[in-house]
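Residue-level listing of the chains:
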Amino acid sequence: YQNYLDRNDINLGLDVGYKAFGGAFLFAAWRVGWEHETELPPGKPYDYSNDYQRFLIGYEGQLTDRVKLKIFAGPDWRNFNHRTPEGFDPDRVEFFLDASAEVALTRADALLLTARQFEQPSSGTPSAYEDIVYEIAWTHKWGDKWSGRAGFKAYGGDWQAPVRREDWIFTPGASVSYAASKHLALDLAYTYDWSESRVPGMSGREFTRQIVSLAARCTF
């Protein structure tokens, strides 16, 4: 049994954009936020609640005739102003990234790229970690009814010292979709997960998993 903690993230900010290239915009953004761990167990010695500021540079729109890009990236200043353990730096500068790109290969084929990275308190242990996702996918359409997707995803967690933990989950997968009508679609999907611990002696965190799913989607 694991008593996972609730975490809140409240932020506000201002985006300033400039229409630079046709339908594309350049952005400068500032964020001020607060993350809070709620309902800590009695006697828990550490609290990784924090406040942060981010300065982000962004781009959204067509990069070329075939490439559509959306990206926000920049430094993330953190102040963990509660109870953190010895060996943890309470004033940190991390990298924030939220990016996606779509490349039109042909009229029927597209390449999708995604990258995300941000810092947050952990829900399972008294610690903070970087949540990291890299994903690539190829999509193809066979007419109006059938479509397919194949891709690979790397999902990582990099915990901050003094916690010794770095886990990665790698997931190749594929799916086929059939649009039975304007409102009904069927999806058949397969994924294979394998995990790796980058910390010696932590092989108990490693696993493999296969998932096969058949789903029906109804839209209105």
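This text follows the structure it describes.
Residues numbered from 1 in each chain as written. Predicted model: local features only at pLDDT ≥ 70, side-chain atom pairs only at ≥ 80, totals over all residues. Heavy atoms only, no water.

A.B. asks: What am I meant to see in the sheet that holds strand β8 (residues 146–159) here?
C.D. replies: Consider a sheet: its strands pair through backbone hydrogen bonds, and that pairing is either parallel or antiparallel. Strands sit in the order β1-β2-β3-β4-β5-β6-β7-β8-β9-β10-β11 across an open sheet of 11 strands; the sheet is antiparallel. Here the strands that pair on one side only, and so sit at the sheet edges, are β1 (6–21) and β11 (208–218). Each adjacent strand pair in this sheet contributes to an overall mean axis angle of 15 degrees, direction not counted. Where strand β4 (residues 67–79) and strand β5 (residues 91–104) come together, 13 bridges link them in antiparallel fashion. Bridging from a neighbouring strand, V67 pairs with V103 of β5. (Pairing = 2+ DSSP bridges. Helix = DSSP H or I, 4+ residues; strand = E, 2+ residues; numbered from the N terminus. Axes fitted to C-alpha atoms, helices over the stretch in contact; angles between N-to-C directions.)

A.B. asks: What exactly am I supposed to notice about the pairing of strand β6 (residues 109–121) here?
C.D. replies: The side chains of a regular strand alternate, first on one face of the sheet and then on the other. Two strands pair when backbone bridges link them, and β5 and β6 are joined in this way by 8 bridges, in the antiparallel orientation. Each bridged residue has a counterpart across the sheet, and for V103 the counterpart in β6 is L111. For β6 and strand β7 (residues 128–142), the ladder comprises 13 bridges, and the chain directions are antiparallel. Within the sheet, the bridge partner assigned to Q120 lies in β7 and is Y129.

A.B. asks: Can you walk me through the packing of aromatic side chains in this structure?
C.D. replies: Where two aromatic rings form a pair, the distance of their centres and the angle of their planes describe that pair. In this structure the tally under the stated criterion is 15 aromatic pairs. For the ring pair F27 and F72, a centre distance of 5.7 Å and an interplane angle of 40 degrees mean the geometry is tilted. You can see F27 sitting in strand β2 (residues 24–38) and its partner F72 sitting in strand β4, a full 45 residues away along the chain. Ring geometry for Y134 against W168: centres 6.3 Å apart, planes inclined by 15 degrees, an arrangement best described as stacked. With Y134 in strand β7 and W168 in strand β9 (residues 166–179), the pair connects residues that are 34 residues apart, well separated along the chain. Relative accessible area serves as the criterion here: at 38%, Y134 is assigned to the partly exposed category. (Phe/Tyr/Trp six-rings, centres within 6.5 Å; stacked < 30°, edge-to-face > 60°. Buried < 20%, exposed > 50% of the residue type's maximum accessible area, 1.4 Å probe, protein only.)

A.B. asks: Help me understand the pattern of salt bridges in this model?
C.D. replies: Working definition: two side chains of opposite charge can pair if their charged atoms are close together. Considering all chains together, one arrives at 11 salt bridges under this definition. The salt bridge involving E35 is made with R78; its shortest N-O contact spans 2.7 Å. Of this pair, E35 sits in strand β2 while R78 sits in strand β4, placing them 43 residues apart in sequence. Judged by its relative accessible area of 4%, E35 is buried. Note on R78: relative accessible area 3%, which makes it buried. Beyond isolated ion pairs, a larger network of salt bridges with shared partners links E35, R54, D76 and R78. (Salt bridge = Lys/Arg side-chain N within 4 Å of Asp/Glu carboxyl O.)

A.B. asks: It is not clear to me how a nonpolar patch on the surface should be interpreted in this structure. Could you clarify?
C.D. replies: A contiguous nonpolar patch, built from L12, W30, V32, F55, I57, W77 and V93 and spanning about 670 Å² of accessible area, is present on the exposed surface. Broken down by secondary-structure element, the contributors of at least two residues to the nonpolar patch are β2 and β3 (50–62). As for its placement among the helices and strands, W30 is situated in strand β2. (Patch = residues over 30% accessible without salt bridge, like charges linked within 9 Å, V, L, I, M, F, W, Y side chains within 5 Å. Areas by Shrake-Rupley, 256 points an atom, 1.4 Å probe, with all protein chains shown as cover.)

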